[in-house]
Amino acid sequence: MQSIQRHWDIFCTVVDNYGDIGVTWRLARQLAHEYNLDINLWVDDLLSFAHILPELDPTALTQQFYGVTVIHWTQPLQQHWTAGAVLIEAFACKLPDEIQQLLPRLPSPPVWFNLEYLSAESWIDDCHGLGSSALPGVKKIFYFPGFTAKSGGLICEQGLFDKREHWQRQPQTKLSLSQSYGLTNINADDMVISLFCYENAALNHLLALWSDSPAKLHLLVPRGKGLATVKTWLSTQSDVSTSEPRSYLVKNLHIHELPMTDQQGYDQLLWSCDFNIVRGEDSFLRAQWAAKPFIWHIYPQEEDTHLIKLDAFMRRYCHNLAPAVAEDWQQLNLAFNQQDGPAVCRYWQKLGLVNGVLSQHAKQWPVDAINDADLANRLVKMAKNR
Ligand SMILES: Cc1cn([C@H]2C[C@H](O)[C@@H](COP(=O)(O)OP(=O)(O)O[C@H]3O[C@@H](C)[C@H](O)[C@@H](O)[C@H]3O)O2)c(=O)[nH]c1=O
(Lines give C-alpha, C1' and ligand atoms only; values in the text may rest on other atoms or scores of the structure.)
Protein backbone atom coordinates (compact mmCIF):
# COMPACT_ATOMS: atom_id res chain seq x y z
CA MET A 1 0.00 0.00 0.00
CA GLN A 2 1.53 3.34 -1.07
CA SER A 3 1.13 6.34 1.25
CA ILE A 4 -0.09 9.37 -0.70
CA GLN A 5 2.78 11.58 0.45
CA ARG A 6 5.41 9.10 -0.68
CA HIS A 7 3.73 8.10 -3.91
CA TRP A 8 4.92 9.83 -7.12
CA ASP A 9 4.05 8.97 -10.72
CA ILE A 10 6.36 9.59 -13.68
CA PHE A 11 4.98 9.30 -17.21
CA CYS A 12 7.31 8.73 -20.15
CA THR A 13 6.69 8.15 -23.82
CA VAL A 14 9.64 6.89 -25.81
CA VAL A 15 9.85 9.30 -28.77
CA ASP A 16 13.00 8.01 -30.36
CA ASN A 17 16.15 6.29 -29.10
CA TYR A 18 16.81 5.84 -25.38
CA GLY A 19 17.17 9.34 -23.93
CA ASP A 20 13.60 9.85 -22.68
CA ILE A 21 13.49 6.55 -20.88
CA GLY A 22 17.18 6.90 -19.90
CA VAL A 23 16.57 10.14 -18.03
CA THR A 24 13.28 9.14 -16.40
CA TRP A 25 14.58 5.74 -15.32
CA ARG A 26 17.65 7.32 -13.75
CA LEU A 27 15.55 9.91 -11.94
CA ALA A 28 13.00 7.33 -10.77
CA ARG A 29 15.74 5.14 -9.31
CA GLN A 30 17.38 8.04 -7.52
CA LEU A 31 14.10 9.30 -6.03
CA ALA A 32 13.26 5.81 -4.76
CA HIS A 33 16.73 5.15 -3.38
CA GLU A 34 17.68 8.50 -1.88
CA TYR A 35 14.27 9.90 -0.88
CA ASN A 36 12.47 6.67 -0.03
CA LEU A 37 9.65 7.55 -2.42
CA ASP A 38 7.27 5.02 -3.98
CA ILE A 39 7.79 5.72 -7.65
CA ASN A 40 5.53 4.44 -10.39
CA LEU A 41 7.25 4.81 -13.75
CA TRP A 42 4.72 4.57 -16.59
CA VAL A 43 6.38 3.77 -19.92
CA ASP A 44 4.71 3.21 -23.29
CA ASP A 45 7.55 1.26 -24.92
CA LEU A 46 9.06 -1.50 -22.81
CA LEU A 47 11.01 -3.00 -25.69
CA SER A 48 13.18 0.14 -25.96
CA PHE A 49 13.46 0.27 -22.17
CA ALA A 50 14.77 -3.32 -22.12
CA HIS A 51 17.87 -2.19 -24.06
CA ILE A 52 19.09 -0.28 -21.03
CA LEU A 53 17.50 -2.55 -18.40
CA PRO A 54 18.10 -6.09 -19.67
CA GLU A 55 16.22 -7.70 -16.72
CA LEU A 56 12.97 -6.01 -17.81
CA ASP A 57 10.18 -8.24 -19.12
CA PRO A 58 8.66 -6.32 -22.07
CA THR A 59 5.41 -8.29 -21.75
CA ALA A 60 4.69 -7.60 -18.07
CA LEU A 61 2.12 -5.00 -17.05
CA THR A 62 3.87 -4.12 -13.78
CA GLN A 63 7.26 -5.10 -12.38
CA GLN A 64 9.65 -3.81 -9.71
CA PHE A 65 13.33 -2.87 -10.02
CA TYR A 66 15.45 -1.00 -7.47
CA GLY A 67 12.32 0.02 -5.55
CA VAL A 68 10.64 1.49 -8.66
CA THR A 69 7.39 0.06 -10.01
CA VAL A 70 7.57 0.00 -13.79
CA ILE A 71 4.10 0.05 -15.37
CA HIS A 72 3.36 -0.52 -19.03
CA TRP A 73 1.48 2.61 -20.10
CA THR A 74 -1.23 1.35 -22.44
CA GLN A 75 -4.13 3.16 -24.03
CA PRO A 76 -6.62 2.84 -22.41
CA LEU A 77 -4.83 2.28 -19.12
CA GLN A 78 -4.85 -1.34 -17.99
CA GLN A 79 -3.51 -0.40 -14.59
CA HIS A 80 -5.69 1.78 -12.36
CA TRP A 81 -4.10 5.14 -11.45
CA THR A 82 -4.53 6.60 -7.98
CA ALA A 83 -3.39 10.11 -7.19
CA GLY A 84 -0.17 10.53 -5.27
CA ALA A 85 1.73 13.62 -4.12
CA VAL A 86 3.48 14.34 -7.41
CA LEU A 87 2.90 13.65 -11.05
CA ILE A 88 5.68 14.13 -13.59
CA GLU A 89 4.97 14.38 -17.27
CA ALA A 90 8.36 13.85 -18.88
CA PHE A 91 9.32 15.88 -21.93
CA ALA A 92 5.81 17.17 -22.60
CA CYS A 93 4.29 13.74 -23.14
CA LYS A 94 0.50 13.94 -22.87
CA LEU A 95 -1.02 12.46 -19.71
CA PRO A 96 -3.57 9.68 -20.27
CA ASP A 97 -7.13 10.96 -20.89
CA GLU A 98 -8.41 9.10 -17.83
CA ILE A 99 -6.05 11.09 -15.61
CA GLN A 100 -6.74 14.40 -17.31
CA GLN A 101 -10.45 13.89 -16.71
CA LEU A 102 -9.93 12.98 -13.06
CA LEU A 103 -7.46 15.69 -12.05
CA PRO A 104 -9.89 18.69 -11.94
CA ARG A 105 -12.30 16.66 -9.79
CA LEU A 106 -9.76 15.83 -7.08
CA PRO A 107 -10.00 17.89 -3.85
CA SER A 108 -6.21 18.02 -3.66
CA PRO A 109 -4.57 17.11 -6.98
CA PRO A 110 -0.91 16.06 -7.09
CA VAL A 111 1.78 18.64 -7.82
CA TRP A 112 2.09 18.35 -11.56
CA PHE A 113 5.45 18.91 -13.24
CA ASN A 114 6.37 19.00 -16.88
CA LEU A 115 10.01 17.86 -16.89
CA GLU A 116 11.70 19.59 -19.81
CA TYR A 117 14.86 18.68 -21.76
CA LEU A 118 18.19 19.80 -20.37
CA SER A 119 19.55 23.03 -21.80
CA ALA A 120 22.40 25.42 -21.04
CA GLU A 121 20.55 28.34 -22.62
CA SER A 122 20.09 31.28 -20.24
CA TRP A 123 16.36 31.83 -20.90
CA ILE A 124 15.46 28.62 -19.07
CA ASP A 125 16.31 30.23 -15.72
CA ASP A 126 13.37 32.61 -16.09
CA CYS A 127 10.97 29.87 -17.13
CA HIS A 128 11.98 27.28 -14.55
CA GLY A 129 9.21 26.85 -11.94
CA LEU A 130 6.57 28.83 -13.84
CA GLY A 131 3.05 27.40 -13.75
CA SER A 132 0.25 27.39 -16.27
CA SER A 133 -3.40 26.46 -15.82
CA ALA A 134 -3.31 23.26 -17.83
CA LEU A 135 -6.73 22.02 -16.70
CA PRO A 136 -9.58 23.83 -14.89
CA GLY A 137 -8.24 24.56 -11.39
CA VAL A 138 -5.08 22.49 -11.94
CA LYS A 139 -1.67 24.00 -12.57
CA LYS A 140 1.26 22.43 -14.36
CA ILE A 141 4.74 23.57 -13.37
CA PHE A 142 7.55 23.75 -15.93
CA TYR A 143 10.71 22.17 -14.60
CA PHE A 144 13.87 23.02 -16.52
CA PRO A 145 17.02 21.03 -15.77
CA GLY A 146 20.09 23.21 -16.19
CA PHE A 147 23.59 24.22 -15.24
CA THR A 148 22.82 27.22 -13.01
CA ALA A 149 21.77 27.59 -9.38
CA LYS A 150 18.47 29.13 -10.57
CA SER A 151 17.57 26.22 -12.87
CA GLY A 152 16.28 22.74 -12.02
CA GLY A 153 19.82 21.32 -11.79
CA LEU A 154 21.40 18.18 -13.18
CA ILE A 155 20.69 14.52 -12.44
CA CYS A 156 23.50 13.18 -10.31
CA GLU A 157 23.26 10.45 -7.71
CA GLN A 158 24.76 11.02 -4.26
CA GLY A 159 28.31 9.72 -4.01
CA LEU A 160 28.68 9.34 -7.79
CA PHE A 161 31.88 11.36 -8.04
CA ASP A 162 33.54 9.41 -5.21
CA LYS A 163 32.56 6.15 -6.85
CA ARG A 164 33.96 7.28 -10.18
CA GLU A 165 37.20 8.57 -8.63
CA HIS A 166 37.68 5.28 -6.83
CA TRP A 167 37.16 3.42 -10.13
CA GLN A 168 39.59 5.64 -12.00
CA ARG A 169 42.29 5.35 -9.32
CA GLN A 170 42.53 1.57 -9.88
CA PRO A 171 44.44 0.85 -13.11
CA GLN A 172 43.13 -2.72 -13.25
CA THR A 173 39.47 -1.61 -13.54
CA LYS A 174 39.97 -0.62 -17.19
CA LEU A 175 41.38 -4.06 -17.92
CA SER A 176 38.76 -5.97 -16.01
CA LEU A 177 36.03 -4.02 -17.78
CA SER A 178 37.43 -4.82 -21.22
CA GLN A 179 37.89 -8.45 -20.17
CA SER A 180 34.25 -8.55 -19.06
CA TYR A 181 33.43 -7.77 -22.70
CA GLY A 182 35.71 -10.59 -23.81
CA LEU A 183 38.39 -8.18 -25.08
CA THR A 184 41.84 -9.45 -24.27
CA ASN A 185 44.13 -7.26 -26.38
CA ILE A 186 43.69 -3.93 -24.54
CA ASN A 187 46.65 -2.99 -22.38
CA ALA A 188 46.47 -0.63 -19.41
CA ASP A 189 48.29 2.18 -21.22
CA ASP A 190 46.56 1.82 -24.63
CA MET A 191 44.42 4.76 -25.76
CA VAL A 192 40.74 3.93 -25.63
CA ILE A 193 37.84 5.93 -27.08
CA SER A 194 34.14 5.14 -26.74
CA LEU A 195 31.73 6.02 -29.52
CA PHE A 196 27.96 6.36 -28.96
CA CYS A 197 26.62 8.78 -31.56
CA TYR A 198 24.13 9.08 -34.41
CA GLU A 199 24.99 8.37 -38.06
CA ASN A 200 27.67 10.88 -38.99
CA ALA A 201 29.54 11.32 -42.28
CA ALA A 202 32.50 12.92 -40.45
CA LEU A 203 33.26 9.56 -38.85
CA ASN A 204 34.75 8.19 -42.08
CA HIS A 205 37.47 10.84 -41.97
CA LEU A 206 38.08 10.40 -38.26
CA LEU A 207 38.33 6.61 -38.56
CA ALA A 208 40.86 6.99 -41.38
CA LEU A 209 42.88 9.41 -39.26
CA TRP A 210 42.78 7.11 -36.25
CA SER A 211 43.84 4.11 -38.31
CA ASP A 212 47.02 6.02 -39.22
CA SER A 213 47.80 6.98 -35.62
CA PRO A 214 51.38 6.20 -34.54
CA ALA A 215 50.27 4.07 -31.58
CA LYS A 216 47.61 1.44 -31.07
CA LEU A 217 44.17 2.98 -30.55
CA HIS A 218 41.03 1.16 -29.43
CA LEU A 219 37.54 2.27 -30.36
CA LEU A 220 34.70 0.79 -28.31
CA VAL A 221 31.36 1.05 -30.07
CA PRO A 222 28.07 0.00 -28.42
CA ARG A 223 25.52 -1.36 -30.89
CA GLY A 224 23.32 1.21 -32.60
CA LYS A 225 23.45 4.08 -35.09
CA GLY A 226 27.12 4.99 -34.64
CA LEU A 227 28.15 1.40 -35.13
CA ALA A 228 26.21 1.26 -38.40
CA THR A 229 28.37 4.12 -39.76
CA VAL A 230 31.54 2.42 -38.53
CA LYS A 231 30.56 -0.84 -40.21
CA THR A 232 29.86 0.92 -43.49
CA TRP A 233 33.34 2.43 -43.33
CA LEU A 234 34.83 -0.98 -42.51
CA SER A 235 33.16 -2.44 -45.57
CA THR A 236 35.07 0.06 -47.74
CA GLN A 237 38.48 -0.85 -46.28
CA SER A 238 40.62 -3.45 -48.01
CA ASP A 239 42.95 -4.18 -45.09
CA VAL A 240 40.57 -5.20 -42.30
CA SER A 241 41.56 -8.14 -40.15
CA THR A 242 39.65 -9.68 -37.26
CA SER A 243 41.39 -10.92 -34.15
CA GLU A 244 38.43 -11.64 -31.87
CA PRO A 245 34.73 -11.99 -32.58
CA ARG A 246 33.26 -8.55 -33.30
CA SER A 247 36.70 -6.89 -33.22
CA TYR A 248 38.25 -5.43 -36.36
CA LEU A 249 41.75 -4.13 -37.03
CA VAL A 250 42.60 -1.49 -39.63
CA LYS A 251 46.30 -0.57 -39.36
CA ASN A 252 46.64 0.81 -35.82
CA LEU A 253 42.94 1.14 -35.15
CA HIS A 254 41.21 -1.64 -33.21
CA ILE A 255 37.45 -1.40 -33.41
CA HIS A 256 35.43 -3.39 -30.89
CA GLU A 257 31.68 -3.81 -31.16
CA LEU A 258 30.02 -3.88 -27.71
CA PRO A 259 26.56 -4.96 -26.62
CA MET A 260 24.44 -2.35 -24.86
CA THR A 261 24.55 -2.73 -21.08
CA ASP A 262 22.57 -1.25 -18.23
CA GLN A 263 23.27 2.36 -17.24
CA GLN A 264 25.78 1.43 -14.52
CA GLY A 265 27.76 -0.60 -17.05
CA TYR A 266 27.73 2.29 -19.50
CA ASP A 267 28.97 4.68 -16.79
CA GLN A 268 31.89 2.36 -16.12
CA LEU A 269 32.70 2.34 -19.81
CA LEU A 270 32.78 6.15 -19.89
CA TRP A 271 34.92 6.26 -16.74
CA SER A 272 37.43 3.83 -18.29
CA CYS A 273 38.01 5.54 -21.64
CA ASP A 274 40.45 8.34 -22.40
CA PHE A 275 37.94 10.13 -24.59
CA ASN A 276 34.20 9.66 -25.10
CA ILE A 277 31.93 10.53 -27.99
CA VAL A 278 28.38 10.79 -26.69
CA ARG A 279 25.02 12.04 -27.83
CA GLY A 280 21.48 13.14 -26.90
CA GLU A 281 20.87 14.20 -23.33
CA ASP A 282 21.72 11.51 -20.85
CA SER A 283 24.98 10.07 -22.21
CA PHE A 284 26.06 13.70 -22.73
CA LEU A 285 25.67 14.38 -19.01
CA ARG A 286 27.22 11.08 -17.98
CA ALA A 287 30.28 11.92 -20.11
CA GLN A 288 30.65 15.09 -18.08
CA TRP A 289 30.36 13.14 -14.82
CA ALA A 290 33.02 10.76 -16.18
CA ALA A 291 35.45 13.71 -15.97
CA LYS A 292 37.04 12.90 -19.32
CA PRO A 293 37.22 14.98 -22.52
CA PHE A 294 34.35 14.33 -24.91
CA ILE A 295 32.56 15.27 -28.12
CA TRP A 296 28.82 15.86 -27.88
CA HIS A 297 26.77 14.73 -30.90
CA ILE A 298 23.62 16.64 -30.05
CA TYR A 299 20.19 15.30 -31.12
CA PRO A 300 19.53 17.04 -34.46
CA GLN A 301 16.51 19.33 -34.63
CA GLU A 302 14.74 21.14 -37.44
CA GLU A 303 16.26 24.41 -38.72
CA ASP A 304 19.47 23.61 -36.86
CA THR A 305 18.06 24.83 -33.53
CA HIS A 306 20.20 22.20 -31.85
CA LEU A 307 23.28 24.23 -32.83
CA ILE A 308 22.06 27.08 -30.61
CA LYS A 309 21.78 24.64 -27.73
CA LEU A 310 25.22 23.24 -28.50
CA ASP A 311 26.72 26.71 -28.56
CA ALA A 312 25.09 27.64 -25.22
CA PHE A 313 26.57 24.56 -23.59
CA MET A 314 30.03 25.03 -25.08
CA ARG A 315 30.16 28.62 -23.86
CA ARG A 316 29.36 27.51 -20.33
CA TYR A 317 31.78 24.61 -20.47
CA CYS A 318 34.60 26.79 -21.80
CA HIS A 319 34.18 29.96 -19.80
CA ASN A 320 37.25 29.26 -17.65
CA LEU A 321 39.14 27.06 -20.08
CA ALA A 322 42.34 28.38 -21.72
CA PRO A 323 41.09 30.29 -24.82
CA ALA A 324 43.21 28.43 -27.41
CA VAL A 325 42.09 25.00 -26.15
CA ALA A 326 38.51 26.22 -25.78
CA GLU A 327 38.50 27.43 -29.38
CA ASP A 328 39.80 24.12 -30.76
CA TRP A 329 37.44 22.05 -28.63
CA GLN A 330 34.42 24.12 -29.69
CA GLN A 331 35.43 23.92 -33.34
CA LEU A 332 35.86 20.15 -33.00
CA ASN A 333 32.35 19.77 -31.60
CA LEU A 334 30.83 22.09 -34.17
CA ALA A 335 32.57 20.30 -37.05
CA PHE A 336 31.42 16.91 -35.74
CA ASN A 337 27.84 18.11 -35.52
CA GLN A 338 28.02 19.64 -38.99
CA GLN A 339 29.51 16.37 -40.25
CA ASP A 340 32.51 18.21 -41.67
CA GLY A 341 35.09 15.43 -41.74
CA PRO A 342 38.20 17.40 -42.75
CA ALA A 343 37.50 20.04 -40.05
CA VAL A 344 36.94 17.32 -37.43
CA CYS A 345 40.34 15.84 -38.27
CA ARG A 346 42.03 19.24 -38.24
CA TYR A 347 40.77 20.12 -34.75
CA TRP A 348 41.29 16.60 -33.46
CA GLN A 349 44.96 16.87 -34.45
CA LYS A 350 45.27 20.37 -33.02
CA LEU A 351 43.92 19.23 -29.65
CA GLY A 352 45.65 15.89 -29.47
CA LEU A 353 43.98 12.95 -27.77
CA VAL A 354 45.41 13.63 -24.34
CA ASN A 355 45.30 17.37 -24.15
CA GLY A 356 46.44 18.01 -20.58
CA VAL A 357 44.58 21.29 -20.20
CA LEU A 358 41.32 19.82 -21.49
CA SER A 359 41.70 16.72 -19.31
CA GLN A 360 42.31 18.84 -16.22
CA HIS A 361 39.28 20.95 -17.06
CA ALA A 362 37.15 17.83 -17.50
CA LYS A 363 38.11 16.78 -13.95
CA GLN A 364 37.09 20.09 -12.38
CA TRP A 365 33.94 20.63 -14.44
CA PRO A 366 31.60 18.21 -12.57
CA VAL A 367 32.31 19.92 -9.25
CA ASP A 368 31.54 23.35 -10.71
CA ALA A 369 28.54 22.25 -12.79
CA ILE A 370 26.58 20.61 -10.01
CA ASN A 371 26.30 23.92 -8.07
CA ASP A 372 24.79 23.47 -4.62
CA ALA A 373 22.34 20.65 -5.33
CA ASP A 374 21.45 18.02 -7.92
CA LEU A 375 18.15 17.80 -9.79
CA ALA A 376 16.38 15.29 -7.53
CA ASN A 377 17.18 17.36 -4.47
CA ARG A 378 15.81 20.55 -6.08
CA LEU A 379 12.74 18.75 -7.42
CA VAL A 380 11.82 17.29 -4.03
CA LYS A 381 12.20 20.75 -2.42
CA MET A 382 10.06 22.41 -5.08
CA ALA A 383 7.36 19.74 -4.73
CA LYS A 384 7.27 20.27 -0.93
CA ASN A 385 6.96 24.03 -1.27
CA ARG A 386 3.94 23.94 -3.57
C1 LIG B 1 25.34 2.84 -25.04
C2 LIG B 1 24.47 2.68 -23.85
C3 LIG B 1 23.61 3.70 -23.48
N4 LIG B 1 22.82 3.56 -22.36
C5 LIG B 1 21.89 4.63 -21.98
C6 LIG B 1 22.51 5.92 -21.52
C7 LIG B 1 21.35 6.85 -21.71
O8 LIG B 1 20.49 6.76 -20.58
C9 LIG B 1 20.63 6.30 -22.95
C10 LIG B 1 20.94 7.09 -24.20
O11 LIG B 1 20.28 8.31 -24.16
P12 LIG B 1 20.89 9.64 -24.73
O13 LIG B 1 22.30 9.69 -24.45
O14 LIG B 1 20.08 10.79 -24.23
O15 LIG B 1 20.77 9.54 -26.31
P16 LIG B 1 19.58 9.07 -27.28
O17 LIG B 1 19.90 9.53 -28.62
O18 LIG B 1 19.39 7.62 -27.13
O19 LIG B 1 18.31 9.84 -26.79
C20 LIG B 1 17.83 11.04 -27.36
O21 LIG B 1 16.48 10.83 -27.54
C22 LIG B 1 15.80 11.93 -28.12
C23 LIG B 1 14.36 11.60 -28.32
C24 LIG B 1 15.94 13.14 -27.23
O25 LIG B 1 15.28 14.22 -27.74
C26 LIG B 1 17.40 13.43 -27.09
O27 LIG B 1 17.60 14.55 -26.26
C28 LIG B 1 18.09 12.23 -26.49
O29 LIG B 1 17.67 12.07 -25.19
O30 LIG B 1 21.09 4.97 -23.10
C31 LIG B 1 22.89 2.41 -21.59
O32 LIG B 1 22.22 2.32 -20.55
N33 LIG B 1 23.72 1.39 -21.98
C34 LIG B 1 24.50 1.48 -23.07
O35 LIG B 1 25.23 0.52 -23.38
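Keep in mind that this is a model prediction, so the values were computed, not measured.

J.: Tell me about the site of the ligand, and name the residues and values.
T.: The ligand sits among 23 residues. The nearest are Asn-17, Gly-19, Gly-22, Gly-280 and Ser-283. For the shell around the ligand, the secondary structure elements donating two or more residues are helix H1 (19-35), helix H9 (263-272) and helix H10 (282-289).

J.: Lay out the domain arrangement of the protein chain in plain terms, naming residues and giving numbers.
T.: One widely used convention gives an interface's size as the accessible area the parts lose upon coming together. We note that the domain assignment places domain 1 (7-155 + 371-384) and domain 2 (160-369) within the protein chain. Inter-centroid distance (C-alpha atoms) of domain 1 to domain 2 is 30 Å. Every element with two or more residues in the side of domain 1 that touches domain 2 is listed here: H1 and helix H2 (46-52). Ranked by the residues each element gives to the side of domain 1 that touches domain 2, the list is headed by H1, at four residues. The residue makeup of the side of domain 1 that touches domain 2, split by class, is 10 nonpolar, five polar and two charged.

J.: I'd like a rundown of the sheet that holds strand S10 (residues 217-222), residues and numbers included.
T.: Spatial ordering of the open sheet is given by S11-S12-S13-S10-S9-S14-S15, a layout of seven strands whose pairing is mixed. Edge positions in the sheet fall to strand S11 (240-241) and strand S15 (294-297), since each of these pairs with one other strand and no more. Inspection of the sheet shows strand S9 (residues 191-195) paired to strand S14 (residues 275-279) by three bridges, in the parallel sense. Looking across to S14, one finds that Leu-195 is bridged to Ile-277. On the sheet, H10 packs against S14 and S15 and is oriented at approximately 155 degrees with respect to S14.

J.: Before we move on, can you summarise the pairing of strand S5 (residues 86-90) with the specific residues and values?
T.: Judged by how many residues are buried, S5 sits mostly within the fold: five of five residues are covered. Every second residue of S5 is oriented toward a common face, with Val-86, Ile-88 and Ala-90 on one face and Leu-87 and Glu-89 on the other, all of them buried. Direction of pairing for strand S1 (residues 7-12) relative to S5: parallel, over a ladder of four bridges. Residue pairing for S5: Asp-9 is matched across the bridge by Leu-87. Direction of pairing for S5 relative to strand S6 (residues 111-115): parallel, over a ladder of five bridges. What sits directly across from Leu-87, in S6, is Trp-112. For the handedness criterion, the β-α-β arrangement of S5, helix H3 (residues 97-102) and S6 is classed as right-handed.

J.: Explain the pairing of strand S4 (residues 68-72) residue by residue, including any values.
T.: As a general feature of sheets, a regular strand has side chains that alternate between the two faces. Taken across its five residues, S4 has four buried, putting it largely inside the fold. Of the pairings in the sheet, the one linking strand S2 (residues 38-43) to S4 comprises five bridges and is parallel in character. Each bridged residue has a counterpart across the sheet, and for Asn-40 the counterpart in S4 is Thr-69. Bridge analysis of strand S3 (residues 62-65) against S4 gives four bridges, and the strand direction is antiparallel. Within the sheet, the bridge partner assigned to Gln-63 lies in S4 and is Val-70. Count of turn residues in the S3/S4 antiparallel hairpin: two residues, of which Tyr-66 carries a positive phi of about 50 degrees.

Parameters at a glance
Residues numbered from 1 in each chain as written. Predicted model: local features only at pLDDT ≥ 70, side-chain atom pairs only at ≥ 80, totals over all residues. Near = placed C-beta within 6 Å. Helix = DSSP H or I, 4+ residues; strand = E, 2+ residues; numbered from the N terminus. Domains from an automatic or database assignment. Nonpolar A, V, L, I, M, F, W, Y, C, P; charged D, E, K, R; others polar. Pairing = 2+ DSSP bridges. Contact = placed C-beta atoms within 7 Å. Axes fitted to C-alpha atoms, helices over the stretch in contact; angles between N-to-C directions. Buried ≥ 20, exposed ≤ 12 C-beta atoms within 10 Å, placed from the backbone. Right-handed = clockwise from strand over helix to strand, strands pointing away.

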